[in-house]
Structure formats: C-alpha cells, structure tokens
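Descriptive analysis of the structure
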Amino acid sequence: MITTNPGTYLELDDGRPAVRFQRVYDHPIEKVWALVTEPDELAHWFPSPEVALDLTPGGAVTFSGDPNMPGSTGRIIAVDPPRRLAFTWGDDELHFDLEPLGDHRTRFTLTNVLGARNTAARNAAGWDVCLSALDARAVNRPTEGPAATWDDLYGKYVAAGMPSGAPIPGRD
C-alpha cells in the first residue's frame, strides 16, 4: 500500500467542504471493492461497527453498533461496481472511488463531503485511524492501532490549518 494523499482539506467545485484521502493498494479492483462494500469487511475498519448497504441507487445504508453515536440510516447516492460508491451519512456524504492501475493495483480515493466546515479536522483524524485499519485488513494483518492516536492526529490536522471546533462524539 502506498499513501498518495494522507488527508487534505479542500472545497469542491460546488463550494462544499471536504476531506480527501488516497491510497494505492496492491490488489485488483474487485478485492478493494469488497473491502468497501461487504459488511463483514467494513466491520474491520469502518467507523460504524455495523453497516448494511442496499447497493442500488436510493438504497438504504444503515449504521449501528457505535456506543458514541445513535444508529442512523443514509441513502446510496451513486453506485457503479466496482468503481464508485457514494452515500449519505448524517449531514455528510462519503465517496469511495476506485481506479484500476494495472499490475493488479487499485487507486482508492475517499472523499468525505462535510456537512459543516468545522468538522474537517475531527473527521480527518477519524478517517486517518480508520484507514490505518483498512490498510492492515488489505494485507490480512491484525489491526495494531494507528501509528498515532486520534488526539495526536486531530492536533496535527488543526496545526496544519484544517477547519476545526465541531463537537467530538463521546466527549462533548
């Protein structure tokens, strides 16, 4: 796995704020697609421990099992197996874009379109932790935890100037 974007803040063409991460995995696109769409795989790395996806446009996405957040339901915005999955989660949108690179490699891009600018640093730190777990899962290695704690990562993103200040679930 190669990290090609460790987490950046951006504003999309339509002005909405977002954070973006990018990785290149040494796996064919179908394997990476399974990591981002199959509930048994998502359970290893996604922030909500239990996710169920109806992979049809407008289909339901249910999130549950997080002691710091109530269960909720989102909707599939776009699905184009095995290249694109986008869905709502609360006020946010999550976009997973996969691109085959040849030699059985896949570029994975996660864009979290934010419902509020001040959630950027908080969400980026969370995704950083989650993507460390995804990286481990992609190579069938036990998740040992991120190289840095969520608090350290949050401080790093704030220091880099990423918008911050949103409440932190389970703390505020």
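Up top you'll find the structure we're talking about.
Our subject in this report is the structure included herewith.

Reading the values: rules and limits
- Each chain has its residues counted from 1, running along the sequence as written.
- Two thresholds apply to this predicted model, a pLDDT of at least 70 for residue-level local features and 80 or more for giving and counting side-chain atom pairs, whereas whole-chain, interface and lining totals are computed over all residues.
- No hydrogens and no water enter the side-chain calculation; it runs on all heavy atoms of the structure.
- Pairing of aromatic rings covers Phe, Tyr and Trp, the last counted by its six-membered ring, and requires centre-to-centre distances within 6.5 Å; plane angles under 30 degrees mean stacked, over 60 mean edge-to-face, and any other angle means tilted.
- Helical segments are the DSSP runs of H or I of at least four residues, strand segments are the runs of E of at least two, and each set is numbered from the N terminus.
- Accessible area is worked out with a 1.4 Å probe on protein chains only. A residue is then buried under 20% of its type maximum, exposed over 50%, and partly exposed in between.
- In this scheme, the term charge over a ring applies when either NZ of a lysine or CZ of an arginine sits within 6 Å of the ring centre and within 35 degrees of the ring normal.
- Points on a 1 Å grid, built from protein atoms alone, make a cavity when a 1.4 Å probe fits but cannot get out and make a pocket when they are open with protein on both sides within 12 Å along at least 5 of 7 lines; residues with an atom within 4 Å of a point are the lining residues.
- Grid points are joined across faces, edges and corners, and a volume is the space filled by probe spheres set on the points.
- In this classification, the charged set is Asp, Glu, Lys and Arg, the nonpolar set is Ala, Val, Leu, Ile, Met, Phe, Trp, Tyr, Cys and Pro, and all remaining amino acids, among them Gly, are polar.

The final tally for this structure, using the stated rule, is 12 aromatic pairs. When the centroid spacing of 6.3 Å and the interplanar angle of 50 degrees are considered together, the rings of F46 and F87 count as tilted. Note that F46 is positioned in the loop between helix 2 (39-42) and strand 3 (50-53) and F87 in strand 6 (residues 84-89), a separation of 41 residues in sequence. Exposure remark for F87: the relative accessible area of 2% places this residue in the buried category. Ring centres of F87 and F96 lie 5.9 Å apart, and the angle between their planes is 35 degrees; this geometry places the pair in the tilted category. F96 matches F87 in its accessibility class, with the two residues each being buried. Taken together, the ring pairs in this structure connect Y25, W45, F46, F63, F87, W89, F96, F108 and W127 into an aromatic cluster. Stacked on the ring of Y157, the Lys or Arg K156 has its end atom at 4.7 Å from the ring centre.

All chains considered together, the criterion is met by one cavity of 30 Å³ or more. Every residue lining the largest cavity is listed: V36, L42, F46, V51, L53, F87 and F96. Here the residues of the lining of the largest cavity sort into seven nonpolar, no polar and no charged.

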